[in-house]
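Understanding the architecture of this molecule
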Amino acid sequence: MAAKTIDAFHAALAPEDREMCDVLRTAINTALPDALGKIWHAHPVWFLEDNPIVGYSRLKDCVRLMFWSGQSFETPGLTKSGTFKAGELRIQRLADVKAAPLEDWLAEARTIQWDYKNIVKNKGRLDRLV
């Protein structure tokens, strides 16, 4: 059964994965205190004005940190994810989480956004918000 809260999502993780996700959650909450964090499509995701900004999920061999507008970020280190503007980092151990680029990506997540909230209404077209 899928977790209904971020706390429940974390509680269901193996200890080493929980530690990675705890670090990510703390960094996200610190950098984006006004973002709403909730479970969306079975994973923790943070939203600004109903637009998805950042989230993470547990994959078979890693934790995936995803920024919905990450392909537009200037700070290097994210790889393309999907067919839109998302960028991701796959994390296999806590040492893979580097504070400097993570802080930069989180700052860019606030200032570089594509309109995922209205993607259906816009028939698959993404418009730049900020």
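Residues numbered from 1 in each chain as written. Predicted model: local features only at pLDDT ≥ 70, side-chain atom pairs only at ≥ 80, totals over all residues. Heavy atoms only, no water.

1. Quick notes on helix H2 (residues 15-31)
One turn of an α-helix holds 3.6 residues; hence residues three or four places apart share an orientation. Note the following rule: Elements are defined by DSSP. Helices are runs of H or I of four residues or more, strands are runs of E of two residues or more, and each kind is numbered from the N terminus. An expected span of 1.5 Å times one less than the residue number is assigned to each helix. Only protein chains enter the accessibility calculation, which uses a 1.4 Å probe; a residue whose area is less than 20% of its type maximum is buried, one above 50% is exposed, and one in between is partly exposed. Directions pointing from the helix axis toward each C-beta atom define the arc. We call two residues contacting when some pair of their heavy atoms lies within 4.5 Å.
For H2, which comprises 17 residues, the first-to-last C-alpha distance of 24 Å matches the rise-based estimate of 24 Å (1.5 Å per residue) to within 8%. Within H2, the full set of buried residues consists of Asp17, Met20, Cys21, Leu24, Ala27 and Ile28. Burial along H2 is one-sided: seen end-on, the buried residues are contained in an arc of 125°. The exposed set on the far side of H2, more than 90 degrees from its buried face, consists of Pro15 and Thr30. Structurally, H2 contributes buried residues whose contacts are with helix H1 (6-11), strand S2 (43-48), strand S3 (51-58), strand S4 (63-67), strand S6 (87-91) and helix H3 (99-111).

2. Remarks on unusual backbone geometry
Apart from glycine, the bulk of residues carry a negative phi angle, and the bulk of peptide bonds sit in the trans form. The phi angle at His41 is positive, at roughly 55°, despite the residue not being glycine. Mapped onto the secondary structure, His41 falls in the loop between strand S1 (36-40) and S2. His41 sits in the exposed class, given a relative accessible area of 61%. In this structure, Asp50 is a non-glycine residue whose phi angle is positive, near 70°.

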